[in-house]
Amino acid sequence: MRKYGILGAALCLAAGVAGCSGDDAAAPPANPFPPLNAANTTYFDVTDEAGRWFDTRATIAGTNSLAVVPPGQKIRFLQTRSFNGPSRVESFHTVTSLIFPGASTASERIDQPTANKDDHEVTLNTPGLYVFVCKVHPYMLAGVIVDDPANPELEMGETLHLVGVTDPANAATAFPSNSNLALRLLRAFFVVTSPSNWKDYTKVGIPFKPIYPAVPVRLTGGAVVPDLNAALQATFDGDVIPAQKSPTIKGVGEVWVDTQYEETVSKGAAKPSTITVIDVAGANAWKMKRKIALPAQQMNNGHNMWSSHDQKQIYQTEWHGKSLYSIDSATGALLKEIVIGEDPAHVMTRVDTEQVHVTLNGEDAVVEFDKAASGEISINPTRPGGQGRILMQGPGEPQSQPHAHWMGHDGKTMATPNSNSNDSTFFNFITNLIFKKPATGPLPIAAAMNPNSTKYYVSNYLGHSISVIRMSDGVKIKDINLLQNYNPVSGAVGGNGAIGGLPIQTPVSPDGKFVITGNTLTGTITIIDAVTDTLVKSLTCDPGCHGVNFGAKEGGGYYAYVTSKFSNRLIVLDYDPNNDGNVADAVIAGWVVLDDSAAPAPTDDTITGNRGMGGQGVLPVPNVYNGWVQKLPKSFCDQLSPEQRNPIGAPVITCPS
Ligand SMILES: [Cu+2]
């Protein structure tokens, strides 16, 4: 049968049948981890490997993260060991139900109160599509289709729940499985979990067509899509990959990008990530300068960066590990590794003290570092417990799991988005206390303050919205729905045409005029007017659109630099070319392809796979946000316009001599 011919590997695995092909078939006798084969059980290995975060060890249309099972199957997620060997995971994760059939029951869902390294299981009975996510690293997806043996087609379910959008307790809120939203989510699953489906900007002139399973699927009302691959490709794909385009106007300095999924020989697939450094000024503008993998430290999924105020050090987090790294910005050499805890996600400096703050996304705290006169950073020993930790929740409150925090322009405040508790911790460094903890939306993932610290914004990944918090009293004044113009059933986009889903980084422009957000579901960049707090525009980005930060444009104004997880290009967005405060003329001025195989950049390791892929943290050097820009040394200050040196207008800054 066609259905089982293509999906045979997964079914074979699910049933634990002897003689099934695959790399699990020939375990040596001395293996202390004999392959697992409990009856009616399907196993996912949890890993830190790009695209194969939940690994069935069998491939369906390019993905290793989908299993097709009969009703009654137990699904086990392995972290303490793998299917046929030791644990394949270094960091903490959750296994959390994200999508499930409208007809499913509460017993068919799982979640955990804290991030962990334990095994988890759930038994699925109701036919249809189930997707599981890690709340710490929400690109980690596992799909299970519970197939109804009564029908020849693969069963998607009559309707589907999506956490954050529908009410799992109310089946009437689930959306039809033949809706545009369901098809978008299906497409996203097969792009996210299949590295061969990532958008490769070296394949110039070739249409971008991800591969999906070419099987018949059964949707709402028994409607049959005879070929899922053909249907998804016709609906969403086919744009031709363009050649690299360098922006005409140069930037200032460099842009550092965490190419988090790029694999190197010394770290292998288990611990991906490089940092890609790009010149954006001078004779080498828009060319790659360096790749940094930190092979000796085994950097595992380096995620986000910030610079010291003299711009001599780059601080780098390790999201699937435990360390913060300090790197010499001039040479790319490691200065210091500091082990701090589970899943360090984002890093920023405090303007007034130059202390460094790093979120522990797999835990409940922000770690504080002091900077010595020598430049060396070390954990502040005076915080309670001696580990530099500032707790982001009160006693008895749920574990916060803070992700991308932001710091005030004057160093007095910090705001974290707490991905586990669906709120934001607004911390005051003067009182040394949590000032407020406003509720946000589902799975808040990134925060950003405006340049005079009167408002901050929090992107809600599963809420498809941006919360606006007033900083005078810590009250949420608005949620901006990024799907307000979108009809989830028909897919029609009305209103001003702007659309964003699964939003991530959301910084405010240094002059305070706009909030620019990378949206991973829709593959769009959304722009919010930061005066009216309304969604005014969106532009096409890449699959997994993720990181945004602002850098100085030569001669005045700013570029927004934008990264995407499932492509290998850095987008240079000129959001206001004539600097008139209106983004009607916003344009993608150009981009840089992050695969350096045509002209290898100097590196500390050999690149072996996922070339240039996984764009997440993005850091323009020099740092031109209000508060930080005034701290720049003369060499950088001299390259900025008077407006850039003081982005919200007050006194004219004279560069230090
Ligand atoms: Cu995770």
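Everything below is about the structure printed above this text.
Notes on the structure follow.

Basis of the calculations
- Residues numbered from 1 in each chain as written.
- Predicted model: local features only at pLDDT ≥ 70, side-chain atom pairs only at ≥ 80, totals over all residues.
- Heavy atoms only, no water.
- Helix = DSSP H or I, 4+ residues; strand = E, 2+ residues; numbered from the N terminus.
- Rg over C-alpha atoms; globule rule 2.2 N^0.38 Å.
- Buried < 20%, exposed > 50% of the residue type's maximum accessible area, 1.4 Å probe, protein only.
- Contact = heavy atoms within 4.5 Å.
- Areas by Shrake-Rupley, 256 points an atom, 1.4 Å probe, with all protein chains shown as cover.
- Lys, Arg positive; Asp, Glu negative; His and termini not counted.
- Charge placed at Lys NZ, Arg CZ, Asp CG, Glu CD.
- Donors = N, O, S within 2.8 Å, 3.2 Å for Na, K, Ca; no water.
- Tetrahedral: all angles 85-135°; square planar, octahedral: opposite > 155°, others 65-115°.
- 1 Å grid on protein atoms, 1.4 Å probe; cavity = no way out; pocket = protein on both sides within 12 Å on 5 of 7 lines; lining within 4 Å.
- Points joined across faces, edges and corners; volume = space filled by probe spheres on them.
- Nonpolar A, V, L, I, M, F, W, Y, C, P; charged D, E, K, R; others polar.

Each helix and strand counted, the protein has 5 helices and 45 strands in total. Taken over the C-alpha trace, the protein has a radius of gyration of 24 Å; the compact-globule value for 657 residues is 26 Å, and the two agree within 12%. Projected onto its principal axes, the C-alpha positions of the protein cover 75 × 55 × 55 Å. Looking at the protein as a whole, 62% of its 657 residues are labelled buried. At a minimum sequence separation of 6, the contacts of the protein that also span at least 24 residues come to 58%. Approximately 21600 Å² of the protein is accessible, and the part contributed by carbon and sulfur atoms is 55%. When the 48 positive and 60 negative side-chain charges of the protein are each reduced to one mean point, those points stand 2 Å apart.

Taken together, the protein donors to the copper ion comprise His93 (ND1), Cys134 (SG), His137 (ND1) and Met140 (SD), at separations of 1.8 to 2.6 Å. If you look at the copper ion, its 4 donor atoms make angles of 84 to 124 degrees with each other, and the shape they trace is irregular. Between consecutive donor residues of the copper ion, the sequence gaps follow H-x40-C-x2-H-x2-M.

The subject of this paragraph is the layout of surface pockets. Over the atoms a probe the size of a water molecule is rolled, and this reveals where empty space is left. The calculated volume of the largest pocket comes to roughly 830 Å³. Lining the largest pocket are 46 residues, and of these Arg187, Leu521, Thr522, Gly523 and Pro543 lie nearest its centre. Within the residue set of the lining of the largest pocket, elements represented by two or more residues are β7 (96-101), β9 (128-133), α2 (180-192) and β43 (587-593). Residue contributions to the lining of the largest pocket peak at 8 residues, all from α2. For the lining of the largest pocket, the class distribution of residues is 31 nonpolar, 7 polar and 8 charged. Lining the second largest pocket are 17 residues, and of these Gln244, Met288, Val593, Asp595 and Ala599 lie nearest its centre.

A few words now on the environment of leucine 183. Locating leucine 183 in the fold gives a position in helix α2. Counting along the chain gives 59 residues from leucine 183 to leucine 124, while the straight-line C-alpha distance between them is 22 Å. Dropping the residues within four chain positions of it, leucine 183 is found in contact with Leu232 and Phe236.

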